[in-house]
Amino acid sequence: MSIDQRRMIVEKSHPKLSIRRQCQLLEISPSSLYYKPKGESQLNLFLMKKIDEQYLNKPFWGVPRMTRWLREHGYRVDKKRIGRLYKLLDLKAIVPGPHTSKSHPHHFKYPYLLRNLKIEKSNQVWATDITCIPMKTGYLYLSAIMDLHSRFIVGWSLSNTMEASWCTAVMKDAIARHGKPQIVNTDQGSQYTSSEHTELLKQNDIKISMDGTGRAIDNIFIERFWRTLKYEHLKFKDYHNGIELYKVIEEFMNDYNFDRMHSSLDYKRPANIYSKNDAA
């Protein structure tokens, strides 16, 4: 049972079990139960959409360049505001520079293991990341885990927080459904460097790989996946609530995995490659 399916069976008026206890038993985060968008001013939500859209075109832009671009288009903004919105969106320029993905100064950072690595089979390397989706009245976070050999999305979840427990639950669910990979690659965000997330990987004998500071290009395949999702499917529409957004993303995920033929895969479908070459 997926993490999102488990959310749906929580009973608000259960006669014996509180919502928190039900979440503990189902191993899901109470804070992400209802997909409630986080609140922001209408101006900030508008700016987040503009930043997110432009970032997909110019992923090498950091906060200073994005601030200048917005000013050139008539928006009175400063670097402090745009820096804060970059962090909310979890954006970072793909060239070496200031690290905008929020890391924890006391968490251990693991080395990057994918350089010159030949990825030849499914479940050899998984990559996971988080993106922010601005909505009409707030924003939600989407986590996805991709098998890099097949581009198959082995797990995903929508939440109103970026808690380590949420990211860990998504990973745990993917391992339960698909088996464990040899390597998991992430950025250096605090969710992934947390003991909760790294211990899950260690307990399953999974090697931990992390992108270099400020280098989203190390996780380029999942960055391209976000571009496809937002440009081709979400199209920066104003979704009113999390349930509406969830249904649209679910439709996209099914199409991406099982129907879409990828040019980078010789026009084969990710599900076909993943199932044929799935590592035991």
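Up top you'll find the structure we're talking about.
About the cut-offs
Along each chain, residues carry numbers from 1 onward, in the same order as the chain's sequence is written. Local features in a predicted model are, by the rule used here, given only for residues with pLDDT of at least 70; side-chain atom pairs are given and counted only at 80 or more, and totals for whole chains, interfaces and linings are based on all residues. For the side-chain quantities, the full set of heavy atoms in the structure was used; hydrogens and water were omitted. To obtain each axis, a line is fitted to C-alpha atoms, and for helices this fit is confined to the stretch in contact; angles are then taken between N-to-C directions over 0 to 180 degrees. Working definition: helices are DSSP H or I runs of at least four residues, strands are E runs of at least two. Numbering for both runs from the N terminus. Left-handed describes a crossing in which the near helix is turned anticlockwise from the far one by less than a right angle; the clockwise case is right-handed. Contacts were defined at the residue level, with two residues in contact if any of their heavy atoms lie within 4.5 Å. Only Asp, Glu, Lys and Arg are considered charged, only Ala, Val, Leu, Ile, Met, Phe, Trp, Tyr, Cys and Pro nonpolar, and every remaining residue, Gly among them, polar. Two rings from Phe, Tyr or Trp (for Trp, the six-membered ring) form a pair when their centres sit within 6.5 Å of each other. Planes less than 30 degrees apart are called stacked, planes more than 60 degrees apart edge-to-face, and all others tilted. Whether a residue is buried, partly exposed or exposed follows from its accessible area with a 1.4 Å probe, protein chains only, as a fraction of its type maximum: under 20%, in between, or over 50%, in that order. Here, over-ring charges are defined by two tests on the NZ atom of lysine or the CZ atom of arginine: distance to the ring centre within 6 Å, and angle to the ring normal within 35 degrees. Should DSSP find at least two bridges between two strands, the strands are taken to pair. The definition of a nonpolar core used throughout is a set of buried Ala, Val, Leu, Ile, Met, Phe, Trp, Tyr and Cys residues joined through side-chain atoms within 4.5 Å. Each direction from the helix axis to a C-beta atom contributes to the arc, which is the arc of those directions. Expected span of a helix: the number of residues minus one, times 1.5 Å.

Q: Any chance you could explain the packing of helix 9 (residues 220–234) against helix 10 (residues 242–258) here in plain terms?
A: Working note: a packed helix pair is described by the angle between its axes plus the distance between those axes. One can describe the packing of helix 9 onto helix 10 by two numbers: an axis separation of 11 Å at closest approach and a directional angle of 115 degrees. Classified by chirality, the crossing of helix 10 by helix 9 is right-handed. Together, Phe225, Thr228, Leu229, His233 and Leu234 of helix 9 and Leu245, Val248, Ile249, Glu251, Phe252, Met253 and Tyr256 of helix 10 make up the contact between the two elements. Residue composition of the contact of helix 9 with helix 10, by class: nine nonpolar, two polar and one charged.

Q: Is there a simple way to think about the packing of aromatic side chains in this case?
A: The description of an aromatic ring pair uses the distance of the two centres, along with the angle that the planes make with each other. For the coordinates displayed, the defined rule picks out 11 aromatic pairs. With a centroid separation of 6.5 Å and an interplanar angle of 90 degrees, the aromatic rings of Tyr55 and Tyr86 are classed as edge-to-face. Linking Tyr55 in helix 3 (residues 42–57) with Tyr86 in helix 5 (residues 79–89), this pair joins segments that are 31 residues apart in sequence. Neither residue differs from the other here; Tyr55 and Tyr86 are each classed as buried. A centroid spacing of 6.2 Å and a plane angle of 55 degrees characterise the contact between Trp61 and Trp69, whose relative ring orientation is tilted. For the residue pair Trp61 and Trp69, the accessibility class agrees, reading buried in each case. Every member of this aromatic cluster is reached through a ring pair, and the members are Phe225, Trp226, Phe252 and Tyr256. Against the face of Phe221 rests Arg151, its NZ or CZ located 3.9 Å from the ring centre.

Q: What should I look at first to understand the environment of Val154 in this one?
A: Tracing the backbone shows Val154 in strand 3 (residues 153–159). What makes Val154 buried here is its relative accessible area of 1%. Spatially, the C-alpha atom of Val154 lies 8.5 Å from that of Ile175, the residues being 21 residues apart in sequence. The contacts of Val154, once residues within four sequence positions are left out, are Trp126, Ile145, Asp147, Ala174, Arg177, His178 and Tyr274.

Q: Explain the sheet that holds strand 1 (residues 125–134) here, please?
A: The strands that make up a sheet are held in pairs by hydrogen bonds between backbone atoms, and each pair lies either parallel or antiparallel. Spatial strand order, 3-2-1-4-5: five strands in an open sheet with mixed pairing. Unpaired on one side and paired on the other, strand 3 and strand 5 (207–210) mark the two borders of the sheet. Each strand of the sheet is rotated relative to its neighbour by a mean of 20 degrees, with strand direction disregarded. Across three bridges, the pairing between strand 1 and strand 4 (residues 183–186) is parallel. Each bridged residue has a counterpart across the sheet, and for Val125 the counterpart in strand 4 is Ile183. Where helix 10 meets the sheet, its contacts fall on strand 1, strand 2 (139–147) and strand 3, and the angle it forms with strand 3 comes to roughly 170 degrees.

Q: Sorry, what's going on with the nonpolar core here?
A: One recurring pattern in soluble globular proteins: nonpolar side chains tend to sit buried together. Residues Ile51, Met66, Ile82, Tyr86 and Trp126 are the most contacted members of the largest nonpolar core, which totals 42 residues. Met135, Leu140, Leu158 and Leu245 belong to the second-largest nonpolar core, a separate cluster that totals 28 residues.

Q: Looking at this model, I keep getting lost on the side chain of His262. Mind explaining?
A: Along the polypeptide, His262 turns up in the loop between helix 10 and helix 11 (270–276). Other than its neighbours up to four places away in sequence, His262 contacts Tyr256, Tyr267, Lys268 and Pro270.

Q: Would you mind going over helix 2 (residues 19–26) with me for this structure?
A: Think of an α-helix as turning once every 3.6 residues; residues three or four places apart then point the same way. Within helix 2, burial applies to Gln22, Cys23 and Leu26. For helix 2, the buried positions fall inside an angular range of 100 degrees around the axis, keeping them on one side. Glu27 occupies a position one or two residues after helix 2 and carries a positive phi of about 60 degrees.

Q: Is there a simple way to explain helix 6 (residues 164–178) in this structure?
A: With 15 residues, helix 6 extends 21 Å between its outermost C-alpha atoms, agreeing within 8% with the 21 Å of an ideal straight helix rising 1.5 Å per residue. The element helix 6 is largely enclosed, with a buried count of 11 among its 15 residues. Directly beyond the C-terminal end of helix 6, a positive phi value near 85 degrees is found at Gly179.

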